[in-house]
Amino acid sequence: MRQKKLTQNFSKIKFNNIDNKIFYCLITLISFSFTFYYGYLGVSPLDSFLIFDAGHKVLNGIHPFKDYWSISGPLLDYIQSILFFIFKTNWFSYVLHAALINSLLAIIVFYFFIIIELQKINSFIYSLSVSILAYPAVGTPFMDHHAVIFSLISVIYLTLGLLKDRKIYWFLSATFLILSFFSKQIPSAYLGIIFIFFILIHYFKKKKGLKKNTNYFFIGGLFSLTVILIIFFVNSIPLDNFLVQYILYPMTIGGDRITGLNIDLNNIIFQFKFIYFSLLPLIIVFFVIFKKNFRKESEKTDLLVLILFFLTFVIYIYVQLLTKNQILIFFLIPFYLGVSHFYTRKYYRKNFVEIFIFLILIITTFKYHYNYNQNKKFMDFVNTDFKLAINAKVIDKKFIGLKWITPKYSKNPKNEIKLINASKEIILKDNKNKIIISNYQILSVVTKTKNYAPNKWFDPRSVPQKDNKYFKTYKNFFIESLKEQKIQNIYTIGKNKVNYFKFLNIDNCMNYNKVNEILFVANIEKCLK
């Protein structure tokens, strides 16, 4: 027994003596490896190509809100344009974007656990699990992932602000909250409200000399907003366009989603069961502290932190239900488990709890890695044989190494590529001013089309319907863009894409013809006179 304890203590000392830089390097390497491997395996056209096209637009001086209608965060577009500028427009610099964000998250999670004094080896394991379950599921930049990741980083720094009360933590919490908002409006809009509540509590319970530190949260927020406003000013992006496209119009469709929420046991409980399991130890700790009447100042702060985690958890579940996408928040499980591990060691040292925590960690990491990374469930692949995938360099050398296979053509990717290449050649031969409306948003890049579609992407949510009060605003924005660019032809790929510009009175002025199995062309010269 004594020898066993000595061995355990030696093991702890050995890992704790390893330089943090080694852990950071390993975390970065593994985070990059997973994201790159799965970022090159299969694509889901609308989700996979959205930011590729947007980043290319910004690189060429075409900006969101001003030149194209956008209800999603502009931050991803600008980050991608910078990476395209540095590493050229290709799939490598595209996946690099996702890998950088994934690594940033894993590194900050590891840093957080080290600062709160969780053992290094445990901090390393939890951060690795986070990196495996976060961005590899989609592999390419995606606004929902950016928004949740940046918001979680904001929560981490707010927690460190409450625990350590350092100015930099307050500043960074606000900065990442703003970054999250400009990736996607939620969850940051909801988190911002509860953050203010916690900051005020912390402010009033602190001694007079330490109250000023919380001001750095507001300084960080103002600094970040100022930088964004400068970007808007330099690129002449109208603020009223931003308000309509990014705030007011999304609120109208958000209301419909809230009223249409399907509230049942499966949606609320069963599909998130492992996230609930990861919080169970924290609930136990909460009651342990509460039972002590939290006499110590540190206990009061810990209780505040636990309430913060519980509320943010509720927000993440609510936001996930609102998005109506595949579940992306499973990477919260190892994070919450790491927090549970720290607090149970501090307040409720029971071996069975630690065994429970590591058991959940192992099960969920393997389960969701297999389902969402290996089988790419997030991207709607079902029983797909990825061995059928084809090197996408046959479409364009920009995509060399990308294993092309999509959910729709999972049985025959060769036929899909054949149709794409045939459509590409037809568009290349057309010297008229043209735009392309398609889920294959890489076509604008590979056909070197100088003109641009007036919308970031076309689906029933991003395009206001006729009964929406912002439909006329969108219609005028769309038509003015076509007139300014002197567009003559609109190429479409996909079912019913013509519906997205029917308001041009196409029955009277437009010739709409089928070119091949997937490509249609509409000549609209008469419609714009």
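A short tour of the structure in this document, coming up. Keep in mind the model is a prediction, meaning the values are calculated, not measured.

## A few points about the packing of aromatic side chains
One pass over the full model with this rule turns up 68 aromatic pairs. Measuring from ring centre to ring centre gives 6.2 Å for Tyr474 and Phe503, while their planes differ by 90°; the resulting arrangement is edge-to-face. One end of the pair, Tyr474, is in helix 19 (residues 471–485); the other, Phe503, is in the loop between strand 4 (489–493) and helix 20 (506–509), and 29 residues separate them in sequence. There is no split in this pair, since Tyr474 and Phe503 are both buried. Members of the aromatic cluster, joined through ring pairs, are Trp69, Tyr249, Phe458, Phe471, Tyr474, Phe477, Phe478, Tyr500 and Phe503. A cation sits over an aromatic face here: Lys57 above Tyr68, 4.6 Å from the ring centre.

## Some points on the pairing of strand 4
Within strand 4, five of the five residues are buried, leaving the element largely enclosed by the surrounding structure. Side chains of strand 4 alternate between two faces, with Asn489, Tyr491 and Ile493 and Ile490 and Thr492 buried alike. Taken together, the five bridges between strand 3 (residues 434–438) and strand 4 define a ladder with parallel strand orientation. Across the sheet, Ile436 pairs through a bridge with Tyr491, a residue of strand 4. Note that strand 4 and strand 6 (residues 519–523) share five bridges and pair antiparallel. Among the inter-strand pairings, Ile493 is bridged to a residue of strand 6, identified as Leu519.

## Observations concerning the sheet that holds strand 4
On the basis of which strands lie adjacent, the open sheet formed by four strands has the order 3-4-6-5 and mixed pairing. Whereas interior strands pair on both sides, the edge strands pair on one side only; in this sheet they are strand 3 and strand 5 (511–514). Sheet twist, expressed as the average angle between the axes of neighbouring strands with direction ignored, equals 20°. In this sheet, strand 6 lies alongside strand 5 in antiparallel orientation, the contact comprising four bridges. Bridged to Asn513 within strand 6 is Val521.

## What to know about the side chain of Thr159
Mapping Thr159 onto the fold places it in helix 7 (residues 143–164). Among the residues examined, Thr159 registers a relative accessible area of 0% and is labelled buried. Excluding anything up to four places from it in sequence, Thr159 contacts Phe112, Val305, Leu308 and Phe309.

## Quick look at the state of the cysteines
Across all of its chains, the model carries one disulfide by this definition. Each disulfide pairs two cysteine sulfurs, and for Cys509 the partner residue is Cys527, the sulfurs being separated by 2.0 Å. Linking Cys509 and Cys527, the disulfide has an S-S dihedral of approximately 95° and is accordingly described as right-handed. Here the residue Cys509 occupies a position in helix 20, and Cys527 occupies one in the segment after strand 6, the gap between them amounting to 18 residues. In terms of burial, Cys509 and Cys527 fall into one category: buried.

Cut-off values and rules
- Residues numbered from 1 in each chain as written.
- Predicted model: local features only at pLDDT ≥ 70, side-chain atom pairs only at ≥ 80, totals over all residues.
- Heavy atoms only, no water.
- Phe/Tyr/Trp six-rings, centres within 6.5 Å; stacked < 30°, edge-to-face > 60°.
- Helix = DSSP H or I, 4+ residues; strand = E, 2+ residues; numbered from the N terminus.
- Buried < 20%, exposed > 50% of the residue type's maximum accessible area, 1.4 Å probe, protein only.
- Lys NZ or Arg CZ within 6 Å of the ring centre and 35° of its normal.
- Pairing = 2+ DSSP bridges.
- Axes fitted to C-alpha atoms, helices over the stretch in contact; angles between N-to-C directions.
- Contact = heavy atoms within 4.5 Å.
- Disulfide = S-S within 2.5 Å.

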